[in-house]
Amino acid sequence: LWNEILEKGKDVLPPGAASTWLKTCLPLEISAGVLVLDVPNVFIKEQIQSRFLTPLKDLIRALGVAEDVELRVGSEIRPNEQKRAEAAAMPQSPNRSGLNPNYVFDTFVVGKSNRLAHAASLAAAESPGVAYNPLFIWGGVGLGKTHLMHAIGHYVCDNQPGAKVVYVSSEKFTNELISAIQNNRTQDFKAKYRSIDVLLIDDIQFLADKESTQEEFFHTFNSLHDAKKQVVISSDRPPKDIQRVEERLVSRFEWGLVTDIQPPDLETRVAILQKKAELRGYHVPEDVIFFLAQNIPSNIRELEGALNRVVACSELNDEPISVENAAEWLKDIIRNVMKGPVSIDLIQHLVAESFGISVDELLSSKRTSDLALARQVAMYLCREHTEASLQQIGYGFNKKDHTTVLHACRKIDELLKTDLKVKSVVDNVRKKL
Ligand code: ADP
Ligand code: MG
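On a predicted model such as this, the values are computed, not experimentally measured, just so you know.

A. Structural context of the pattern of salt bridges. This structure, assessed with the given rule, holds 27 salt bridges. Its salt-bridge partner being Arg61, residue Asp58 comes within 3.5 Å of it at the nearest N-O pair. Taken together, the residues span about one helical turn, with Asp58 and Arg61 both in helix α3 (residues 42-62) at a distance of three residues. With a relative accessible area of 37%, Arg61 lands in the partly exposed category. The closest approach of N and O atoms between Glu353 and Lys432, which form a salt bridge, is 3.6 Å. Residue Glu353 is located in helix α16 (residues 344-355), and its partner Lys432 is located in helix α21 (residues 420-432); the two are separated by 79 residues in the primary sequence. With relative accessibility at 54%, the residue Glu353 sits in the exposed group.

Okay, here's the thing in structure tokens:
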């Protein structure tokens with residue numbers, strides 16, 4: 001795990017941060033969500049603090065390892081030099097057109113929620129430019145879009161060694177274009193992007209409002225498409241909902257196949273955790289896997305983060321991985337969502353009660369106006385009284401899409417100003433919370 005922090009650090013921390021400074025540190029323990037690092041001396045501590053403490057914290061949070069970092073100089077438990085040397089000799093990951101070596105089809109777990117997106121990706125990888133062109137994959141954060149795109153890239157590289165595969169985020173595409181314009185190198189830029197065999201362009205929603213980038217992408221797209229080269233696009237929403245992107249571009253996105261990825265169900269979450277644990281050589285008991293899958297029902301990145309945290313805590317604190325320990329180590333993540341004084345579950349019960357309906361009805365897909373209102377009230381109260389994210393709330397209501405929750409919150413906000421009946425129900429439930 002520490003190696004993973006060092007490895008990722010190379011990308012997201014300032015140049016040299018991971019390879020020069022962080023490498024001299026060693027993880028000591030994680031307690032109460034704080035990762036304690038042993039730092040050799042005060043000088044290095046100051047360097048880390050002044051150069052990159054904030055991005056370092058962001059990184060360990062993103063990996064789910066801990067919430068905070070403490071730098072401790074000259075700790076009692078002086079780590080042995082062997083470990084330090086091992087960390088330093090970490091193998092460099094091979095860099096294949098910017099593709100993450102772990103994001104391949106073999107490591108992608110297929111479930112109901114992503115079956116179509118997976119099948120379409122595999123088809124596009126097997127016969128690029130022929131099957132679905134463009135392939136447009138959309139879905140919420142952390143659900144596997146980037147993983148699938150990289151997997152397509154690897155697959156094509158493996159099977160057509162000469163093929164030119166480029167993976168690029170829309171942000172990077174934009175930045176490259178801007179710098180090409182500034183340096184009078186737009187011809188090079190055009191030449192580069194129009195000579196690709198497979199273009200994987202991630203998070204296309206970032207092109208909103210960027211007119212000249214859209215213009216350039218439009219031409220790139222056309223020239224690749226005309227030449228029957230594969231284009232794969234990802235976004236956090238379907239083409240028609242991408243705002244402030246030109247109509248002609250959006251309609252191009254719909255030429256091929258549009259497919260979505262939904263949040264994984266419990267079984268798939270369990271399977272993904274098992275896969276991740278196996279890939280990393282973690283020994284995590286079945287009941288702990290199940291506990292994580294049940295209590296972290298949001299996105300896969302968070303699920304992975306929770307797994308990382310549990311393993312890190314167990315290693316560093318030298319305690320076994322058990323459900324009890326996991327609950328303790330993940331207290332800050334789990335508490336507010338499922339357990340604790342106010343949970344989504346509790347709100348659902350109280351709201352169902354005050355509308356005189358059952359919780360099953362509340363969570364069903366029936367659309368009578370009474371049920372719809374009750375659902376909206378319940379979502380609104382979850383938003384106000386739990387720390388669950390929109391997505392987590394959506395999940396709690398069997399909604400695939402967090403925009404439903406957002407819509408509900410806005411609607412109830414409005415109704416509260418005018419509708420006395422709604423106001424009294426909301427006040428009533430609030431009193432009981
Ligand atoms: P997105 O691009 O949709 O935000 P990512 O592709 O970055 O999401 O996925 C987030 C994390 O979850 C990655 O580490 C990825 O490997 C993992 N992941 C997502 N879906 C799956 C899956 N079906 N099987 C295994 N790992 C997955
Ligand atoms: Mg992504």
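B. Region of interest: the site of ligand 1. Around ligand 1 sit 18 residues, and of these Val109, Gly142, Thr146, His147 and Glu304 come closest. Within the side chain of Lys276, a nitrogen or oxygen atom sits 2.9 Å from an oxygen atom of ligand 1. Between Arg301 and ligand 1, the recorded distance is 2.9 Å, taken from a side-chain N or O atom to an oxygen atom. For ligand 1, whose free accessible area comes to 560 Å², the fraction covered by protein is 96%. For the shell around ligand 1, the secondary structure elements donating two or more residues are α6 (145-159), α11 (266-279) and α13 (300-317). When its residues are assigned to classes, the shell around ligand 1 shows seven nonpolar, seven polar and four charged.

Conventions adopted
Residues numbered from 1 in each chain as written. Chains lettered and ligands numbered in written order. Predicted model: local features only at pLDDT ≥ 70, side-chain atom pairs only at ≥ 80, totals over all residues. Heavy atoms only, no water. Salt bridge = Lys/Arg side-chain N within 4 Å of Asp/Glu carboxyl O. Helix = DSSP H or I, 4+ residues; strand = E, 2+ residues; numbered from the N terminus. Buried < 20%, exposed > 50% of the residue type's maximum accessible area, 1.4 Å probe, protein only. Near = heavy atom within 4 Å. Polar contact = N/O pair within 3.5 Å; in protein donor to acceptor, adjacent residues only side chain to side chain. Areas by Shrake-Rupley, 256 points an atom, 1.4 Å probe, with all protein chains shown as cover. Nonpolar A, V, L, I, M, F, W, Y, C, P; charged D, E, K, R; others polar.

Function cannot be inferred from these measures alone, as they are strictly geometric.
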